[in-house]
Amino acid sequence: MSEKLKLGEARAPGHTYQQAIVKDASEPPAAFLETSYEFLGDGDIPYTNYTSRDYAESEFEKLWPKVWQMACREEHIAEPGDYQVYDIGHLSAVVTRTETMQIKAYFNACMHRGTALKSPGDNGSCASFRCPFHGWVYSLDGELVDLPESWDFPHVTGDSHSLRELQVDTWGGFVFVNFDPDAEPLYDFLGVLPDHFKDFDLENRYTETHVCKRLPVNWKAAEEAFMEAYHVKETHAGGREFSEPVTTYDVFPENVNRFIHTVGSVNPRMPEAPSEQQLMQMLWGRRGPEEGECPVVPAGMTARDYYAGLVKQQLGETYDQDFSAYSTAQTLDSIEYFLFPNFFIFPGLSLPMAYRFRPDPDDPDYSYFDLFFLRPKHPEKETPFPPEPLMLDVEDSYTLSEGLGRLGAVYDQDTDNMAAQTRGFKTCAKRGQTLGNYQEVRIRHLHQRVADYLES
Amino acid sequence: MREITHPKIPDSSSAVLEAGGRSILLCNSGGTHYAIENRCTHQESPLAGGRVRNGFISCPLHGVRFNLKTGEPIGDLARLRVKTFAVIETDDGIVVALD
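Along each chain, the written sequence defines residue order, and numbers are assigned to residues from 1. To read the labels, note that chains go from A and ligands from 1, taken in the order they are written. Predicted model: local features are reported for residues with pLDDT of at least 70 only, side-chain atom pairs are reported and counted for 80 or more only, and whole-chain, interface and lining totals are derived from all residues. As a rule here, side-chain values come from all non-hydrogen atoms in the structure, and water together with hydrogens is ignored.

A. Spotlight on the sheet that holds strand β11 (residues 174–178) of chain A. Residues and elements named next belong to chain A. If you trace the 3 strands from one edge of the open sheet to the other, you get β2-β11-β10, paired in antiparallel fashion. Two strands in the sheet have a free side with no partner beyond their single neighbour: β2 (69–73) and β10 (167–171). Strand-to-strand twist of the sheet, defined as the mean angle between neighbouring strand axes without regard to direction, takes the value 30°. Should DSSP find at least two bridges between two strands, the strands are regarded as paired. Note on conventions: DSSP H or I runs of at least 4 residues are helices, E runs of at least 2 residues are strands, and numbering of each starts at the N terminus. As paired strands, β10 and β11 are joined by 5 bridges and run antiparallel to one another. Note on method: axes are straight lines fitted to C-alpha atoms, helices fitted across the in-contact stretch only, with angles between N-to-C directions ranging 0 to 180 degrees.

Pasting the structure below:
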């Protein structure tokens, strides 16, 4: 440890992520070259933040009803009458498309005696919302349009008993809801995201794969498993030397943070820099033995640029599209942005994920992880319907999802730590998590934002 | 075996077949045809007109969804499977086995 550096100034040895990607033949997106790190403290994070039922109840009372949350993609509710239910804790929203193609969201409860109008997590299509208990009917615009035996309800009017709307807005093809009528506008909440993503065309993607898995860990710890690349060497590479990715960690006001790590660049910890062909062999080896002989990097090219070209060509053939305009960094790197409190989006080409985490309503030791793969829409072909989510329980392997491909086993590795972490939270003699100042700053940011809401 | 033949129908659509005193709903989801009883097990409303997508049909009345292959319902409202019928695609159309 250096004595000369101030707290928070320490970085991994060698070049930074930004220094690595400026060597690419293609110009990386300007946002990737920004850095926005600040030292946020080095105190332990109490384990009770994860295990305490009182803490979870505070989150349900003061956090979740106040924040913007991704409810679905626009293509989930493509046609008038399509609806998607979004559940968070004991709150539930029905998001729908009206006859005039507006998107609206309602509290998922009949205004008569409170019966939920739609089942948890469900989707479907209807001409109107009809309560299964007594048949009160609401239009897609939420208006009470049929009140059976209305003679008995002189005190009920359309104004008093139409469905209550939630705030709803869209960004990047995602539909966000907020249960707080006084919440700030979505675009204020998004911070730098619209600017950083302005060239990524998220609107024109579609959901190719959707897996929803129950995880044996608190929702925050589940998110944290994906917030740092510090775990890569041990969790995914069996401790193999020089498997640490070159990573930038950045925190942006107020609700956004990110990491981006290179794929296929030189690890500066290596005593001798590998040749471009050796780097190519490392990249090729990730794909498995069925891929055959490793191609030879042409003279004068880096392995990264050459491999990115191959990936663009192969994905272009798979999806019948031209991806040649994608930069090497956007094609290969693991680009993960986080929007507080529970949404992650990867705008990259070969790693095209979005994540959403939700707490179990009744047990702080469990959570739900929605994992989406989003692919670019074909400009002329019909966009496929969003798939039915594959529901996985705690013990189920992600490899049951064909759509995740080789990444299924990687997600299993991430998940394998979770039950052990939950047990450890309860027995560890030191009563809190110790975090790295740089590599784990996003975790601290998450907890600080949660605390902002709980203390407000 | 009693059976009924019906022309193929477009993707994401359904058609009612009346046969042997039964109302059967022929559905096409993603290019595969299915046949189910045209009666929701929740409140016995017809399923005809419900959205067909991803191998499921949504009941138009309250939205209960049924797996077209197995008949299994999704969600809080229904416990019972909707009856399914075997189908065979032939050059003449879709043959639905009624027994």
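B. Just the environment of Ser29 of chain B, in detail. Counting through the fold element by element, Ser29 of chain B comes out in strand β3 (residues 22–29). For Ser29 of chain B, the side chain forms a polar contact with the main-chain nitrogen of Gly55 of chain B, separated by 2.7 Å. Think of a polar contact as two N or O atoms within 3.5 Å of one another; within protein, one of them needs to be a possible hydrogen donor and the other a possible acceptor, and neighboring residues in sequence only count if both atoms come from side chains.

C. Representation of the packing of aromatic side chains. Residues and elements named next belong to chain A. Each pair of aromatic rings taken from Phe, Tyr and Trp, with Trp reduced to its six-membered ring, is defined by centres within 6.5 Å and is described as stacked if the planes are under 30 degrees apart, edge-to-face if over 60, and tilted in the remaining cases. Going through the model one piece at a time under the given rule, you end up with 33 aromatic pairs over all chains. Ring centres 6.0 Å apart and planes at 45° place the aromatic pair Phe226 and Tyr411 in the tilted group. One end of the pair, Phe226, is in the loop between α8 (219–224) and α9 (232–236); the other, Tyr411, is in helix α13 (residues 407–427), with 185 residues separating them in the sequence. Looking at Phe226, the relative accessible area reads 6%, which means it is buried. Between Tyr355 and Phe357, the aromatic rings sit 6.2 Å apart at their centres with planes inclined by 85°, giving edge-to-face as the arrangement. The pair Tyr355 / Phe357 is uniform in exposure class, with both members buried. Ring pairing ties together the aromatic residues Phe226, Phe338, Phe344, Phe346, Tyr355, Phe357, Phe369, Tyr398 and Tyr411, which thus form one cluster. Each ring is checked for a lysine NZ or an arginine CZ that lies within 6 Å of its centre and within 35 degrees of its normal; such an atom marks a charge sitting over the ring. Note that Arg11 overlies the ring of Tyr438, its terminal NZ or CZ placed 4.1 Å from the centroid. Per-residue accessibility, obtained with a 1.4 Å probe over protein chains only, is compared with the maximum for each type, and a residue is labelled buried under 20%, exposed over 50%, and partly exposed between these values.

D. Layout of the state of the cysteines. Working definition: a disulfide is two cysteine sulfur atoms within 2.5 Å of each other. The full count for this structure, using the stated rule, is 0 disulfides over all chains. A disulfide-free cysteine, Cys126 of chain A has its sulfur positioned 11 Å from the sulfur of Cys59 of chain B, the nearest such atom. Taking relative accessible area as the criterion, Cys126 of chain A reaches 6% and is therefore assigned buried. For the unlinked cysteine Cys27 of chain B, the closest cysteine sulfur is that of Cys59 of chain B, found at 12 Å. On the accessibility criterion, Cys27 of chain B (0% relative accessible area) is buried.

E. Representation of the layout of surface pockets in the model. In this analysis, the protein atoms alone were mapped onto a 1 Å grid. Cavities are point sets where a 1.4 Å probe fits without being able to get out; pockets are open sets with protein on both sides within 12 Å along at least five of seven lines; lining residues have an atom within 4 Å of a point. Grid points are joined across faces, edges and corners, and a volume is the space filled by probe spheres set on the points. Its boundaries defined by the atoms lining it, the largest pocket holds a volume of some 1,100 Å³. At 6 residues, α13 of chain A tops the list of elements feeding residues into the lining of the largest pocket. Looking at the lining of the largest pocket residue by residue, the classes come out as 23 nonpolar, 10 polar and 8 charged. By volume, the second largest pocket amounts to about 810 Å³. Along the walls of the second largest pocket sit 39 residues, with Asp87, Pro120, Gly121, Asp122 and Arg358 of chain A positioned nearest its centre. Elements that contribute at least two residues to the lining of the second largest pocket include exactly β2, β3 (82–88), β4 (91–97), β12 (205–215), β17 (353–359) and β18 (367–376) of chain A together with β5 (52–53) and β6 (56–58) of chain B. Shared between two domains, the lining of the second largest pocket holds at least three residues of each, these being domain 1 (3–53 + 204–454) and domain 2 (69–182) of chain A. Each residue gets one of three labels, nonpolar for Ala, Val, Leu, Ile, Met, Phe, Trp, Tyr, Cys and Pro, charged for Asp, Glu, Lys and Arg, and polar for the others, Gly among them. Here the bounds of each domain stem from an automatic or database domain assignment.

F. Geometry of the packing of helix α10 (residues 276–285) of chain A against helix α11 (residues 303–319) of chain A. All names here are of chain A. Contact geometry of α10 with α11 gives a least axis separation of 9 Å together with a crossing angle of 40°. In this view, α10 runs oblique relative to α11, as classed from their interaxial angle. Relative to α11, α10 is oriented so that their crossing is right-handed. Only Ala303, Tyr306, Tyr307 and Leu310 of α11 make contact with α10, whose side of the interface consists of Glu276, Leu279, Met280, Leu283 and Trp284. Throughout this description, any angle smaller than 35 degrees is read as roughly parallel, any larger than 145 degrees as roughly antiparallel, any in the 65 to 115 degree range as roughly perpendicular, and the remainder as oblique. Working rule for handedness: look at the near helix, and if it is turned counterclockwise from the far one by less than a right angle, call the crossing left-handed; if clockwise, right-handed. Contact between two residues is taken to exist if any of their heavy atoms lie within 4.5 Å; hydrogens are not considered.

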